[in-house]
Amino acid sequence: MVSKKIGKKMIFFLGALGGLLYGYDMGVISGALLYIKDDIPLTSFTEGLVVSSMLIGAIFGSGSSGPLSDKFGRRRLVFMISIIFIIGALTLAFAPNMVTLVVGRLIIGLAVGGSTAIVPVYLSEMAPTESRGSLSSLNQLMITIGILSSYLVNYAFADIEGWRWMVGLAVVPSVVLMVGVIFMPESPRWLLENRGKEAARSVMKLTRKPDEIEKEIDEMIEINRISDSTWNVLKSSWLRPTLLIGCTFALLQQIIGINAIIYYAPTIFNEAGLGDVTSILGTVGIGTVNVVVTIFAIMIIDKIDRKKLLITGNIGMVSSLIIMAGLIWTIGLGSDVTAWIIVACLTLFIVFFAFTWGPVLWVMLPELFPMRARGAATGIAALALSIGSLLVAQFFPLLTEIMAIEQVFLIFAAIGIGALFFVVKYLPETRGRSLEEIEADLRARTSASETNNAGSMHN
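Residues numbered from 1 in each chain as written. Predicted model: local features only at pLDDT ≥ 70, side-chain atom pairs only at ≥ 80, totals over all residues. Heavy atoms only, no water.

Undergrad: Sorry, what's going on with the overall build of the protein chain here?
TA: In terms of regular secondary structure, the protein chain is built from 21 helices and zero strands. Counting all 459 residues of the protein chain, 60% fall into the buried class. Considering only contacts in the protein chain between residues 6 or more positions apart, those separated by 24 or more positions represent 85%. For the protein chain, the exposed surface amounts to about 17,300 Å²; the carbon and sulfur share of it is 68%. (Helix = DSSP H or I, 4+ residues; strand = E, 2+ residues; numbered from the N terminus. Buried < 20%, exposed > 50% of the residue type's maximum accessible area, 1.4 Å probe, protein only. Contact = heavy atoms within 4.5 Å. Areas by Shrake-Rupley, 256 points an atom, 1.4 Å probe, with all protein chains shown as cover.)

Next up, the structure:
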């Protein structure tokens, strides 16, 4: 049996590996763009299109992968995603023109969208309640490692302007994922619904204590008993508010400024006065900070309420953007002092994001949604995330052409303030509760709300 051939740590490592590929393909284009333009002419619009075409593909990938994972299983879909990653990386590496670049990024995007929808669900369903936050956060850790890896590869090939090597080396982790997924077990919640209790129990023995298994299986059976089909659950009135909250949460994570930094950091540093190679080296520093802080976040995420972390992150990110905008406005661009101010402030932004909004989103999204429609609902939220990422990637270069850079970052600061209000008012707390307890509470709260509304109308 597949699940007996693999240890607990390896299950979660391979389960999160799709996040590494997502991060690599996000980050690698930032350095590659500096040299692609020497071989393939790009305007501001087509530069944004090369970056954002991955995100157009991600919209389709995330929108379709959720329902597919509910039907065929998380594991089979991850295998297909790894193959798509390989095809996309090879297409980019041998691209002769701008159109092929866009096609390659679209293909990569299908896989990226699929991984953003499936990886968090798989990790959340495999993890026991008491460590679900830290284990689910592995997705964000892998994303940050992927981003850092891409920056290191960019730096390694900067002297020879080897952008084809930069984008093509994504094949390596893609092959590892394709082989590794063969040895991964299927999600116990999917197995319970599609293969029965014994199949689910055998997988749960790999990651849970014996006395927890039967209680959790009983909870899952009870939730299944009162649940309808995936489609009926998705369109039900009791899920609709939570689905809207999840989509808004995912969208906000992408438009508070992080993607502008990930996609365009070398360009920002270059325009601020640093050279090409130094600009890429600056992103390596940011990527390293991103990984280190994410590791620290994983260590404490199950000890602090999710909402408290998010609020702290909002305050820190907004403050760093406002400080940076004020200093740039005061000193101006073009000097070494301004360049290093930007590096420092963007690094501070990364610290607060990596400690809070980065990992917490991937933990909370699958926690918010019911078992019967978790894959599909998380896929819809990932669709909103991809749309937000697309908006930033496509319009950031255009905004910096018509506005001063400090004004653009003030826009992100304003979005961060709106995100803070959203967290305080609308986002529920999920720490320390089983997925079934969260679902039962969601049903109860919605039912009570509908009863109160009906009573008000009757009166």
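Undergrad: Which parts of the structure should I look at to understand a nonpolar patch on the surface?
TA: A contiguous nonpolar patch, built from F79, M80, I83, I87, V175, V179, I182 and F183 and spanning about 610 Å² of accessible area, is present on the exposed surface. For the nonpolar patch, the secondary structure elements donating two or more residues are helix 3 (74-93) and helix 8 (171-180). By residue number, the principal contributor to the nonpolar patch is helix 3, which donates four residues. By the secondary structure assignment, F183 is in the loop between helix 8 and helix 9 (188-194). By relative accessible area, F183 is classed as partly exposed at 36%. (Patch = residues over 30% accessible without salt bridge, like charges linked within 9 Å, V, L, I, M, F, W, Y side chains within 5 Å. Salt bridge = Lys/Arg side-chain N within 4 Å of Asp/Glu carboxyl O.)

Undergrad: Quick question: what am I supposed to make of helix 3 here?
TA: Residues that lie three or four places apart on an α-helix share one face, since the helix turns once every 3.6 residues. In a regular helix each residue adds 1.5 Å, so 20 residues correspond to 28 Å; helix 3 covers 29 Å between its end C-alpha atoms and thus fits that length. Taken together, the buried positions of helix 3 are occupied by R74, L77, V78, I81, S82, F85, I86, G88, A89, L92 and A93. (Expected span 1.5 Å × (residues − 1).)

Undergrad: Just to check I follow, could you spell out the packing of aromatic side chains for this structure?
TA: Two aromatic rings, taken as a pair, are described by how far apart their centres are and by the angle between their planes. Counting across every chain of the model gives seven aromatic pairs. Measuring from ring centre to ring centre gives 5.6 Å for F296 and F355, while their planes differ by 15°; the resulting arrangement is stacked. Of this pair, F296 sits in helix 15 (residues 276-300) while F355 sits in helix 17 (residues 336-355), placing them 59 residues apart in sequence. For F296, a relative accessible area of 44% translates into the label partly exposed. Arranged with centres 6.3 Å apart and planes meeting at 80°, the rings of F421 and Y426 form a pair that is edge-to-face. Connected via pairs of aromatic rings, a cluster forms that spans F249, W357, F421, F422 and Y426. The cationic tip of K425 hangs over the ring face of Y426; the distance from NZ or CZ to the ring centre is 5.6 Å. (Phe/Tyr/Trp six-rings, centres within 6.5 Å; stacked < 30°, edge-to-face > 60°. Lys NZ or Arg CZ within 6 Å of the ring centre and 35° of its normal.)

Undergrad: Looking at this model, I keep getting lost on the environment of D70. Mind explaining?
TA: Looking at where D70 falls in the secondary structure, it is placed in helix 2 (residues 44-72). Counting along the chain gives 120 residues from D70 to W190, while the straight-line C-alpha distance between them is 7.3 Å.

Undergrad: How should I be thinking about the pattern of salt bridges in this particular structure?
TA: Any two side chains of opposite charge can pair if their charged atoms end up close together. Per the counting criterion, the structure on display carries one salt bridge. Close ionic contact of E198 with R201 constitutes a salt bridge, the shortest N to O distance being 2.8 Å. With E198 and R201 both in helix 10 (residues 197-207) and three residues apart, the pair spans about one turn of that helix.

Undergrad: What exactly am I supposed to notice about the nonpolar core here?
TA: One recurring pattern in soluble globular proteins is that nonpolar side chains are buried together. Core analysis: the biggest nonpolar cluster contains 132 residues, and W163, F249 and W357 have the highest contact counts within it. Ranked by residues supplied to this core, first place goes to helix 1 (residues 8-39) with 17 residues. Not counting residues within four places of it along the chain, the set of residues in contact with F249 comprises L310, W357, V360, L361, M364, F422 and L427. (Core = buried A, V, L, I, M, F, W, Y, C linked by side-chain atoms within 4.5 Å.)

Undergrad: Got a minute to help me understand unusual backbone geometry in this structure?
TA: A negative phi angle characterises most non-glycine residues, just as the trans form characterises most peptide bonds. In this model, E161 sits at a positive phi of 55°, which is unusual for a non-glycine residue. Within the secondary structure, E161 is located in the loop between helix 6 (138-156) and helix 7 (163-168). Residue classification places E161 among the partly exposed residues on the basis of a relative accessible area of 39%.

Undergrad: Honestly, the packing of helix 13 (residues 240-255) against helix 20 (residues 405-426) in this entry has me stumped. Any pointers?
TA: Each packed pair of helices is defined by two parameters, the angle between the axes and the distance between the axes. Contact geometry of helix 13 with helix 20 gives a least axis separation of 10 Å together with a crossing angle of 155°. The orientation of helix 13 relative to helix 20 falls into the category roughly antiparallel. Here helix 13 and helix 20 pass one another in a crossing that is left-handed. Here I245, T248, F249, L252 and I255 of helix 13 come into contact with helix 20, specifically with F412, I415, A419, F422 and Y426. Grouping the constituent residues of the contact of helix 13 with helix 20 by class yields nine nonpolar, one polar and no charged. (Axes fitted to C-alpha atoms, helices over the stretch in contact; angles between N-to-C directions. Parallel < 35°, antiparallel > 145°, perpendicular 65-115°, else oblique. Left-handed = near helix turned anticlockwise from the far one by under 90°. Nonpolar A, V, L, I, M, F, W, Y, C, P; charged D, E, K, R; others polar.)

Undergrad: What is the right way to read the side chain of E186 from this model?
TA: Relative to the elements of secondary structure, E186 occurs in the loop between helix 8 and helix 9. Although E186 is buried, it forms no salt bridge, and the closest oppositely charged side chain is R74 at an N-O distance of 5.1 Å. A polar side-chain atom of E186 sits 3.1 Å from the main-chain amide nitrogen of R74. With sequence-adjacent residues up to four places away left out, E186 is seen in contact with G73, R74, R75, R76, Y122, M126, L191 and V203. (Lys, Arg positive; Asp, Glu negative; His and termini not counted. Polar contact = N/O pair within 3.5 Å; in protein donor to acceptor, adjacent residues only side chain to side chain.)

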